[in-house]
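What follows is each chain in one-letter form.
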Amino acid sequence: MDEIATLIEPQIPGLRRYAVALLRDREAADDLVQDTLERALAAWPQRRRDGDLRAWLFTIQRNLFLAGLRRRGRAAPQAGPDVLDIVPDRSSDPAAGLGLRDLFAGLDALPEDQRSVLLLVAVEDMSYADAAAVLDIPLGTVMSRLSRARERMRSFVETGRIGLLRRVK
Amino acid sequence: MSGPDPRPVGEDDLHALIDERLDPQRRSLVEAWLAERPEQAARVAADRETRLRLRAGLDPIAREPIPARLRIANLQRRRQTSIWRPVAAAAVLCLALGGIGGWVTARGLGPAPVVSTMLSEPATQDAVAAFRTFVVEAAHPVEVRANEMPHLVSWLSQRLGRQLVAPDLRGLGLRLMGGRLLPAGSEQAALLMYDDDRGTRLTLYSRVGTAEGRTVFRFAREGDVAAFSWVDGGMAYVVTARTDEARLLAVAESVDAQVRGLPAPKGTTQERP
């Protein structure tokens, strides 16, 4: 297998996971990942060799996602019904408290900058420094956004209501 | 590291604890700090649980195999025809808007595949509906069987008013089963069915189109059914199957070459370097 594929392909599962979490639609998510990979291949010769490849790919993907939002003129993508099916719903388990469906509704209610920080750090296991690079913000801003994201998710889980959070449209 | 970290516990420590990014020494210090502060500890516990449930919920996606269309080798192959992409996008848009006027890309070059999730093109909708109706048919999947090949081709050609070709897809492991005639508005459409050794069935739907010229391959998916459609020489073509995109694209390329009287591309796209 060629070198580019060997380097990039291990990152594709994470890129797809992040895309689904952002878009909540499987086809649209894979379209986004495909756009990301096409951009990456086109820009490959200009890539900084010392930079982190994963952070670079996630940066491209998030920028494309934001560009797509601006084009469509809306900030909160609606959850497609199909994406919820792939997420096991444990709402029937009393110990689980809110079902995952609701947890994702809480995630969707976050402003995009907070949602991305939370996803990159908590789900993608990115270091705070790499998340800062992807989001192009200082490390301190990563920490404060992460705080706000967790605070909102916590209050959402406690109250179980989206209505208490202002949904960003 | 020598000696305990003397810095007091901060909020960044709490996040790092939740995200499992603290070294063991700092971690026990932060945990000891939390043990005396039940309110803070409860917050951390709640954040931790949210994190774990988000991960568990999203993790199945990262464990899925990589779809064919996201394989770097496939993307690189498509990039070689990427100069056609702007034309391709325009052609898709034009077709989606009702197919007024065709967009001619250079003849002799295969159309660049364009991935689209739209099932908006009527020929594709009809082709997928026909696929769903007839591939499940055990007794009468086709009206005319392939052993009556000359009759099959001349009959369908006569009804459509165009000379049709029944592409040979044996190089791709697909045998022609036969075909049937379908209504398509005021016109007719021809449906050819193929199958492979594992019983996977594939259909080639063709009908006289309103658009002249030549469009790119358009990909569409409806549930587990995938389709590539294109227009060439006043005909609309749709290949449909429950298979991966790479294999279906190889079929589309082979069909396209054969209906234009060109030699079929050798092998499948997956076997190409």
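Residues numbered from 1 in each chain as written. Chains lettered and ligands numbered in written order. Predicted model: local features only at pLDDT ≥ 70, side-chain atom pairs only at ≥ 80, totals over all residues. Heavy atoms only, no water.

Undergrad: Would you explain the overall build of chain B in this entry?
TA: The helix and strand inventory of chain B stands at eight helices and eight strands. A buried classification covers 50% of the 273 residues belonging to chain B. Nonlocal contacts in chain B, meaning residues at least 24 apart in sequence, comprise 58% of its contacts between residues at least 6 apart. (Helix = DSSP H or I, 4+ residues; strand = E, 2+ residues; numbered from the N terminus. Buried < 20%, exposed > 50% of the residue type's maximum accessible area, 1.4 Å probe, protein only. Contact = heavy atoms within 4.5 Å.)

Undergrad: Please explain the interface of chain B and chain A as it appears in this structure.
TA: A common way to state how big an interface is: give the accessible area lost once the parts meet. Taken together, the contacts link 39 residues of chain B with 48 residues of chain A. A salt bridge links Glu64 of chain B to Arg26 of chain A; its shortest N-O distance comes to 2.7 Å. In this assembly, chain B and chain A are joined by 19 residue pairs in polar contact (both at pLDDT 80 or more). Contributing elements (two or more residues each) for the side of chain B that touches chain A: α1 (11-18), α3 (38-63) and α4 (72-79) of chain B. In terms of residues, the side of chain B that touches chain A owes the most to one element, α3 of chain B, which gives 16 residues. (Salt bridge = Lys/Arg side-chain N within 4 Å of Asp/Glu carboxyl O. Polar contact = N/O pair within 3.5 Å; in protein donor to acceptor, adjacent residues only side chain to side chain.)

Undergrad: I would appreciate a short explanation of helix α8 (residues 245-259) of chain B in the present structure.
TA: Residues spaced three or four apart along an α-helix point in a common direction, a consequence of the helix completing one turn every 3.6 residues. Residues and elements named next belong to chain B. Look at α8: 21 Å from first C-alpha to last across 15 residues, which is about the 21 Å you get at 1.5 Å a residue. Among the 15 residues of α8, 14 are classified as buried, and the element is accordingly described as predominantly covered. Capping the start of α8, Asp244 holds a side-chain oxygen 3.2 Å from the backbone nitrogen of Ala246, two or three residues further along. Of the residues flanking the end of α8, it is Gly261, one or two places downstream, whose phi is positive at about 80°. (Expected span 1.5 Å × (residues − 1).)

Undergrad: Before we go on, may I ask you to explain the nonpolar core in this structure?
TA: The tendency in soluble globular proteins is for nonpolar side chains to be buried side by side. By size, the foremost hydrophobic cluster in this structure holds 66 residues, and its most contacted members are Leu37 and Leu118 of chain A. Of the residues that make up this core, three or more belong to each of domain 1 (11-63) and domain 2 (68-271) of chain B. Sequence-distant contacts of Leu118 of chain A, defined by excluding residues within four places in its chain, comprise Leu107, Leu110, Val123, Leu146, Ala149, Arg150 and Met153 of chain A together with Leu54 of chain B. If you look at the next biggest cluster of nonpolar residues, it comprises 33 residues, including Val153, Leu174, Leu192 and Met235 of chain B. (Core = buried A, V, L, I, M, F, W, Y, C linked by side-chain atoms within 4.5 Å. Domains from an automatic or database assignment.)

Undergrad: I'm lost on helix α7 (residues 112-123) of chain A in this one. Help?
TA: Here α7 of chain A spans 15 Å end to end across twelve residues, near enough to the 16 Å set by a 1.5 Å rise per residue. Most of α7 of chain A sits inside the fold, with eleven of its twelve residues counted as buried.

Undergrad: Looking at this structure, I do not really get the packing of helix α8 (residues 128-135) of chain A against helix α9 (residues 139-159) of chain A. What am I missing?
TA: When two helices pack together, their arrangement is given by the angle between their axes and by how far apart the axes lie. Residues and elements named next belong to chain A. The geometry of α8 relative to α9 is characterised by a closest axis approach of 9 Å and an angle of 100° between their N-to-C directions. For the element pair α8 / α9, the angle class is roughly perpendicular. Between α8 and α9, the residues in contact are Tyr128, Ala129, Ala131 and Ala132 and Leu139, Val142, Met143 and Leu146, respectively. Residues of the contact of α8 with α9, tallied by class, amount to eight nonpolar, no polar and no charged. (Axes fitted to C-alpha atoms, helices over the stretch in contact; angles between N-to-C directions. Parallel < 35°, antiparallel > 145°, perpendicular 65-115°, else oblique. Nonpolar A, V, L, I, M, F, W, Y, C, P; charged D, E, K, R; others polar.)

Undergrad: Quick question: what am I supposed to make of the packing of aromatic side chains here?
TA: Aromatic ring pairs are reported here in terms of the distance separating the ring centres and the angle at which the planes meet. Scanning all chains against the criterion turns up six aromatic pairs over all chains. Ring geometry for Trp230 of chain B versus Tyr237 of chain B: centroids 5.4 Å apart, planes at 25°, classification stacked. With respect to class, Trp230 of chain B is no different from Tyr237 of chain B; both count as buried. Connected via pairs of aromatic rings, a cluster forms that spans Phe217, Phe219, Phe228, Trp230 and Tyr237 of chain B. When the ring centre of Trp44 of chain A is taken as origin, the NZ or CZ atom of Arg47 of chain A, which lies over that ring, is 4.1 Å away. The ring of Tyr128 of chain A has Arg21 of chain B sitting right over it, with the charged end atom 6.0 Å from the ring centre. (Phe/Tyr/Trp six-rings, centres within 6.5 Å; stacked < 30°, edge-to-face > 60°. Lys NZ or Arg CZ within 6 Å of the ring centre and 35° of its normal.)

Undergrad: Quick question: what am I supposed to make of the pattern of salt bridges here?
TA: Side-chain pairs of opposite charge can arise where the charged atoms are in close proximity. Taken as a whole, this structure holds 35 salt bridges over all chains when the rule is applied. Arg221 of chain B is the salt-bridge partner of Glu27 of chain A, the closest N and O atoms lying 3.8 Å from each other. On the criterion of chain membership, the pair formed by Glu27 of chain A in helix α3 (residues 26-43) and Arg221 of chain B in strand β6 (residues 217-222) is interchain, its members lying in two chains. Here the salt bridges do not stand alone but share partners, grouping Asp125 and Arg150 of chain A together with Asp19, Glu20, Arg51 and Arg55 of chain B into one network.

Undergrad: What am I meant to see in the environment of Arg170 of chain B here?
TA: Within the fold, Arg170 of chain B resides in the loop between α7 (149-160) and β3 (175-184). Separated by 25 residues in sequence, Arg170 of chain B and Asp195 of chain B place their C-alpha atoms 9.8 Å apart.

Undergrad: Even after reading the chapter, I still don't get the side chain of Arg26 of chain A, so can you show me in this structure?
TA: Tracing the backbone through its elements, the reader meets Arg26 of chain A in helix α3. At 2.7 Å, the side chain of Arg26 of chain A and the side chain of Glu64 of chain B are in polar contact.

Undergrad: Sorry if this is basic, but what is going on with the pairing of strand β5 (residues 201-208) of chain B here?
TA: Regular strands place side chains that alternate from one sheet face to the opposite one. Residues and elements named next belong to chain B. For β5, the buried fraction is high: seven of the eight residues fall into the buried class. When strand β4 (residues 187-195) meets β5, the two strands line up antiparallel, connected through seven bridges. Residue pairing for β5: Leu192 is matched across the bridge by Leu204. Where β4 folds back onto β5 in an antiparallel hairpin, the turn is made up of five residues, including Gly199, whose phi is positive at roughly 85°. When β5 meets strand β8 (residues 235-241), the two strands line up antiparallel, connected through seven bridges. Counted as the bridge partner of Tyr205 is Val238 from β8. (Pairing = 2+ DSSP bridges.)

Undergrad: Would you take a moment to explain the pairing of β6 of chain B for this structure?
TA: Residue and element names in this part refer to chain B. Pairing analysis gives five bridges linking β6 to strand β7 (residues 225-232), with the strands arranged antiparallel. The residue bridging Arg221 from the neighbouring strand is Ala226, located in β7. Here β6 hands over to β7 after two residues, with Gly223 in that stretch at a positive phi of 60°.

Undergrad: Any chance you could explain unusual backbone geometry here in plain terms?
TA: Glycine aside, residues mostly have negative phi, and peptide bonds are mostly found in the trans state. Located in the positive-phi region is Asp125 of chain A, a residue other than glycine, with phi close to 60°. Within the secondary structure, Asp125 of chain A sits in the loop between α7 and α8.

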